[in-house]
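# Coordinate inspection notes
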Amino acid sequence: MKNKGENKIEKDEVTQAIDELMEKEFDLTFKPENKNMPSESMPIIDENKEEYNGIEKSEEACDITVDEYETQADCYNIENSFQNNLASDEENENFEDKKASKNKMYLSYNMRLLINGLGIFVFALLSIVLFVFSISIKTRSSVLYRQSSNLDYKVYLKQNSYYKEPYLQKNMQYIASLIDNVDVNFNYNFNVNQNIDYKYTFYVQADIAVTSSEDKSKIIYSKTDKLTQPSTIIKENSNGFNISQNVNINYDKYNNLVKGFKSSYAINANSNLILSLFVEIEDEKGNKIKSLDKDTIKLTIPLTEQMIDISMNSNEINNSNNVNIYKDFNISNKITFLFAIISLITAVVFIIRLMLFLKKTSAKKTIYDVTLSKILREYDRVIVNSKKIIDLNQDVIDVKNFNELLDVRDNLEKPIIFSEVHKGQKSVFIVKTPNETYRYILKFVDLQNNQEKK
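Attention here is on the structure that accompanies the text. None of the values given here were measured: they were computed from a predicted structure.

### Quick look at the overall build of the chain
Helix and strand content of the chain: 9 helices and 21 strands. Taken over 454 residues, the chain has a buried fraction of 29%. Long-range contacts, defined as pairs at least 24 residues apart, comprise 72% of the intrachain contacts of the chain with a sequence gap of at least 6. Accessible surface, the chain as shown: approximately 30900 Å² in total, 51% of it carbon and sulfur.

Below, the structure written as structure tokens:
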């Protein structure tokens, strides 16, 4: 175990070694020309003094090793470099912010109002135009429709030695025993004076009618046979349609049926085969434009006769009429309707932006502004506005409220002189007499304090 004397000698040797190393380090690294480390920041070693720049020289100070000292110097250099880089980054950020602020466009108050107002007008007008072109609204209107028909037929004959042609044209008399079949063509045309939505249904029907020879209105026997099934066609935004329907009638089939009926009961009666084209037209609400039993195209063929004369009544439906048409709300162009909604939403956005801008920029009325406006409005007949502040060079009597000043005014029959000392902050109301002045001061601070107390 070492004694104290040996420890002291070792410490003196260590101290001397550290001093030499520090002097050497100071000469090599911390010369004045070294710009990275200022010379004054390095602790100055003076052998005649017992401290290094305020740090007392002691046994504990001597315990600092060379490695520790070098580490401290390195840390100092790193910290200096970090601070320099940080300062450089801050300068760059400040430069970028200033550059961005210069590039940012400034819009004046009137320009902002103009942009928002113009946006509302343009997009609102655009949405209205697009809505008009994309939808149809429920309306009730009177439309004029015209209908016409054309009925044609050919009577085909059985094999015979008298007629060379296979058929005979219409509007002739025909020998019943030579008729093979009757080819009938129904033609119907419907037109309206404007485009509407509607649907129509049509079919051809054959009716056998055996009636009294004395009174044709008295029916003895009847039978109905639908030659074609009902067809329904829907039309949108249309102004008319045309029907062309062809049917072929087996004359012997119907003629033999009625002949057998008459023979069975030995009756003498009139008999006909009636061919009819039924047409029904409805608007989009289901209202009848033309009903089935109205204006029917008919072709009448006599039965159980030797000579027949086929008659037509198609000329009866060549007419015109007015009818009420109902239209519902309908989106005719979905793409245009979508753009109309987008334009409307954009216009609403501009309206909201304008309202928020006006709310943000409009001056809010304080309790002082409200109180002053109320006084000036209610007592305008007794208040005189002064362009400049009245110079009070006599005795001034301050009253607590405006009502007391009104009492003074009523007693003295003098006008109340008003002047605003500080805009939005302080106003003065006075009633002057030759000897004294009565004054009421309205202050924003006093009103605000009273409001907070309440």
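Further notes follow.
### Here we look at the packing of aromatic side chains
This structure, assessed with the given rule, holds 18 aromatic pairs. With a centroid separation of 5.1 Å and 50° between ring planes, the pair formed by Y156 and Y167 is classed as tilted. Of this pair, Y156 sits in strand β4 (residues 139-157) while Y167 sits in strand β5 (residues 167-168), and the two are 11 residues apart along the sequence. Accessibility expressed as a relative area gives 26% for Y156, which makes it partly exposed. Aromatic side chains F402 and F429 sit 5.2 Å apart centroid to centroid with 75° between the ring planes, which places their arrangement in the edge-to-face category. Taken as a pair, F402 in helix α8 (residues 402-412) and F429 in strand β20 (residues 426-432) lie far apart in primary sequence, 27 residues in all. Since its relative accessible area comes to 6%, F402 is described here as buried. Through a chain of ring-to-ring contacts, the aromatic side chains of Y145, Y188, F190, Y198, Y200, F202 and F241 assemble into a single cluster.

### Here we look at a nonpolar patch on the surface
A contiguous nonpolar surface patch, about 810 Å² in accessible area, is contributed by L118, F121, V122, L125, I128, V129, V132 and F133. For V129, the location among the structural elements is in helix α4 (residues 109-134). Using a relative accessible area of 36% as the deciding quantity, one classes V129 as partly exposed.

### Topic: the packing of α4 against helix α6 (residues 334-361)
At a minimum axis distance of 8 Å, the contact between α4 and α6 shows a crossing angle of 155°. In this view, α4 runs roughly antiparallel relative to α6, as classed from their interaxial angle. As for the relative orientation of α4 and α6, their crossing is left-handed in sense. When grouped by side-chain class, the residues that make up the contact of α4 with α6 number 21 nonpolar, 8 polar and 2 charged.

### With respect to the sheet that holds β20
The strand order across the open sheet built from 5 strands is β17-β19-β20-β21-β18, with neighbouring strands paired in mixed fashion. Looking along the sheet, the strands with just one partner apiece sit at the ends: β17 (383-385) and β18 (395-398). Taken pair by pair, the neighbouring strands of this sheet meet at an average axis angle of 35°, ignoring direction. In the sheet, strand β19 (residues 416-422) pairs with β20 via 5 bridges, with the strands oriented antiparallel. Bridge assignment links I417 to a residue of β20, and that residue is I430. Here helix α7 (residues 367-378) sits on the sheet in contact with β17, β19, β20 and β21 (436-443), set at roughly 30° to β20.

### As for α6
What sets the pattern is the α-helix's 3.6 residues per turn: residues three or four places apart point alike. Look at α6: 41 Å from first C-alpha to last across 28 residues, which is about the 40 Å you get at 1.5 Å a residue. By the burial criterion, the buried members of α6 are T336, F337, A340, S343, A347, F350, L354 and F357. Put simply, N333 is the residue that caps the front of α6, since its side-chain oxygen is 3.3 Å from the backbone nitrogen of I335.

### With respect to the packing of α7 against helix α9 (residues 444-453)
One can describe the packing of α7 onto α9 by two numbers: an axis separation of 9 Å at closest approach and a directional angle of 110°. In terms of orientation, α7 and α9 fall into the roughly perpendicular class. Facing α7, whose interface residues are I367, Y368 and T371, α9 presents F444, L447, Q448 and Q451. Counted by class, the contact of α7 with α9 contains 4 nonpolar, 3 polar and no charged residues.

About the criteria used
Residues numbered from 1 in each chain as written. Predicted model: local features only at pLDDT ≥ 70, side-chain atom pairs only at ≥ 80, totals over all residues. Heavy atoms only, no water. Helix = DSSP H or I, 4+ residues; strand = E, 2+ residues; numbered from the N terminus. Buried < 20%, exposed > 50% of the residue type's maximum accessible area, 1.4 Å probe, protein only. Contact = heavy atoms within 4.5 Å. Areas by Shrake-Rupley, 256 points an atom, 1.4 Å probe, with all protein chains shown as cover. Phe/Tyr/Trp six-rings, centres within 6.5 Å; stacked < 30°, edge-to-face > 60°. Patch = residues over 30% accessible without salt bridge, like charges linked within 9 Å, V, L, I, M, F, W, Y side chains within 5 Å. Salt bridge = Lys/Arg side-chain N within 4 Å of Asp/Glu carboxyl O. Axes fitted to C-alpha atoms, helices over the stretch in contact; angles between N-to-C directions. Parallel < 35°, antiparallel > 145°, perpendicular 65-115°, else oblique. Left-handed = near helix turned anticlockwise from the far one by under 90°. Nonpolar A, V, L, I, M, F, W, Y, C, P; charged D, E, K, R; others polar. Pairing = 2+ DSSP bridges. Expected span 1.5 Å × (residues − 1). Polar contact = N/O pair within 3.5 Å; in protein donor to acceptor, adjacent residues only side chain to side chain.

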